[in-house]
Amino acid sequence: MSWKVSDATLADVPAITSIYSHDEPTPFIKLCLGSLNVLALNFNQAARIADSLQDSDEAWLVARDERNRIASFAEWQMPRAEADTEEQMAEELVCSRALLKLCPNNDAS
């Protein structure tokens, strides 16, 4: 099987979004995305992907099969120059604690 890798375009957003919708919603995904409604999730993901495709600090690649169908994708983002603010660090701490509560078998609490 051969693959063709290329830069993603706005025309690829529906295929990339459909790959996302096949993922099992883990507790972390539920916490981060907040919605288990697949239609709402796809709508939000499509908008996010379309926006980030136009961001010069991000790169999206797609892998196409022999039939030119997108089978996989990759997303890269350049690190931001600024450090996290205290508010961002506090939000991350709250999310981490909430995630620990969702994972009862975790002994780190």
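Residues numbered from 1 in each chain as written. Predicted model: local features only at pLDDT ≥ 70, side-chain atom pairs only at ≥ 80, totals over all residues. Heavy atoms only, no water.

As a further point, take the side chain of Ser-52. Take Ser-52: it is sitting in helix α3 (residues 38–53). A distance of 2.8 Å separates polar atoms of two side chains, one belonging to Ser-52 and the other to Trp-60. In this structure Ser-52 touches Glu-58, Trp-60 and Glu-75, once residues within four positions along its chain are discounted. (Helix = DSSP H or I, 4+ residues; strand = E, 2+ residues; numbered from the N terminus. Polar contact = N/O pair within 3.5 Å; in protein donor to acceptor, adjacent residues only side chain to side chain. Contact = heavy atoms within 4.5 Å.)

What follows concerns the nonpolar core. Counting 9 residues, the largest nonpolar core consists of Ala-8, Val-13, Ile-16, Ile-49, Ala-50, Leu-53, Trp-60, Val-62 and Ile-70. Those elements giving two or more residues to this core turn out to be α1 (13–21), α3 and β2 (58–64). Other than its neighbours up to four places away in sequence, Ile-16 contacts Ala-8, Ile-49, Trp-60, Val-62 and Phe-73. (Core = buried A, V, L, I, M, F, W, Y, C linked by side-chain atoms within 4.5 Å. Buried < 20%, exposed > 50% of the residue type's maximum accessible area, 1.4 Å probe, protein only.)

This brings us to the pairing of strand β3 (residues 70–77). Here 7 bridges tie β2 to β3, and the two strands are oriented antiparallel to one another. Residue pairing in the sheet places Glu-58 in a bridge with Gln-77 of β3. As consecutive antiparallel partners, β2 and β3 are separated by 5 residues, and within that stretch Asn-68 has a phi angle of approximately 70 degrees, a positive value. (Pairing = 2+ DSSP bridges.)

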